[in-house]
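Survey of secondary and tertiary structure
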Amino acid sequence: MEKFTKEQIIDKAKDLARMISETEEVDFFKRAEAQINGNQHVAELMSVIKGLQKQAVNFQHYGKTEALKKTEDKLAKVERELDEIPIVQEFKQSQIEVNDMLQMVATVISNTVTDEIIKSTEGDLLLGKTGSKLKSEEGSHSC
């Protein structure tokens, strides 16, 4: 079995990252982000949200529960208004798609490493046990 250095693995991970950054999902994300950044209405709503969030933190810190409740209600209303904007919906969907792809890649890597360990130790893939685990279980049953 060929051995790899950490540096070689990092280089391959960078290659994979470059591949991912050139997918249709990431391209759509970049276009949606550019549209959001160029949208004055979205910028205004984001500014209002940041201001309300700061107010909420201050009200919470000083124990002003009634003011906090009113601010949280206003914040929820503005966030709903923001979420109703089509480009914001598209941007959030694109974030989900890119994150799902990254999660899928991480899962495939993790599962493949586990499977390779099991196979290289002459274990059982279906049971998910390495060869040493199977041997130790055989030894404990023969007593």
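Calculation criteria
- Residue positions are counted from 1 within each chain, in the order its sequence is given.
- In keeping with the model being predicted, local features are shown solely for residues with a pLDDT of at least 70 and side-chain atom pairs are shown and tallied solely at 80 or more, while totals for entire chains, interfaces and linings include all residues.
- To obtain the side-chain values, all non-hydrogen atoms of the structure were used and water was disregarded.
- For helices the rule is a DSSP run of H or I covering at least 4 residues; for strands it is a run of E covering at least 2, with both sets numbered from the N terminus onward.
- All radius of gyration figures rest on C-alpha atoms, and the globule criterion is 2.2 Å times the number of residues raised to 0.38.
- The buried label goes to any residue with under 20% of its type's maximum accessible area, the exposed label to any with over 50%, and the partly exposed label to all in between, with areas taken from a 1.4 Å probe on protein chains only.
- Contacts were defined at the residue level, with two residues in contact if any of their heavy atoms lie within 4.5 Å.
- Using a 1.4 Å probe, the Shrake-Rupley method yields the accessible areas, and only the shown protein chains count as cover for residues.
- Surface patches are drawn from residues lacking salt bridges whose relative accessible area is over 30%; two like charges belong together within 9 Å, two nonpolar side chains (Val, Leu, Ile, Met, Phe, Trp, Tyr) within 5 Å.
- Only one rule defines a salt bridge in this text: a Lys or Arg side-chain nitrogen within 4 Å of an Asp or Glu carboxyl oxygen.
- Only buried residues count toward a nonpolar core, which is a set of Ala, Val, Leu, Ile, Met, Phe, Trp, Tyr and Cys residues joined through side-chain atoms within 4.5 Å.

1. Notes on the overall build of the protein chain
Secondary structure summary: the protein chain contains six helices and zero strands in total. Along the protein chain, helices and strands appear, N-terminal first, in the series α-α-α-α-α-α. Here the C-alpha radius of gyration of the protein chain, 25 Å, is well above what a compact globule of 143 residues would show, namely 15 Å. Projected onto its principal axes, the C-alpha coordinates of the protein chain cover approximately 70 × 40 × 25 Å. Expressed as a percentage of its 143 residues, the buried residues of the protein chain come to 17%. Once local pairs closer than 6 in sequence are excluded, the contacts in the protein chain between residues at least 24 apart make up 54%. As displayed, the protein chain has an accessible area near 11,100 Å², and 56% of this comes from carbon and sulfur atoms.

2. Digging into a nonpolar patch on the surface
On the surface, Ile-109, Val-113 and Ile-117 cluster together to form a nonpolar patch covering roughly 250 Å² of accessible area. Within the element layout of this structure, Ile-117 appears in helix 5 (residues 86-120). Residue class for Ile-117 comes out partly exposed when judged on its relative accessible area of 41%.

3. Notes on unusual backbone geometry
One non-glycine residue, Glu-122, lies in positive phi territory at about 60 degrees. Residue placement: Glu-122 occurs in the loop between helix 5 and helix 6 (131-141). In this structure Glu-122 comes out as exposed when scored by relative accessible area, which is 67%.

4. Looking at the pattern of salt bridges
For the structure on display, the rule yields eight salt bridges. A salt bridge links Lys-129 to Glu-137, with the nearest nitrogen and oxygen atoms 3.0 Å apart. Taking the relative accessible area as the measure of exposure, Lys-129 reaches 25% and is therefore partly exposed.

5. Description of the nonpolar core
In terms of nonpolar packing, the biggest core is built from 13 residues, with Ile-36, Val-42, Leu-82, Ile-85, Ile-87 and Val-88 touching the most fellow members. Contributions of two or more residues to this core are made by helix 2 (24-37), helix 3 (40-61), helix 4 (65-83) and helix 5. Here this core gets four residues from one element, more than from any other, and that element is helix 3. Residues within four places of Val-42 in sequence aside, it is in contact with Ile-36, Leu-82, Ile-85 and Val-88.

6. Topic: the environment of Glu-138
Within the element layout of this structure, Glu-138 appears in helix 6. In the structure, Glu-138 is positioned 49 residues away from Gln-89 in sequence and 56 Å away in space, judged by C-alpha atoms.

7. With respect to the side chain of Ser-94
Turning to its location among the elements, Ser-94 is positioned in helix 5. Using a relative accessible area of 1% as the deciding quantity, one classes Ser-94 as buried. Excluding residues within four positions of it along the chain, Ser-94 makes contact with Phe-28, Phe-29 and Ala-32.

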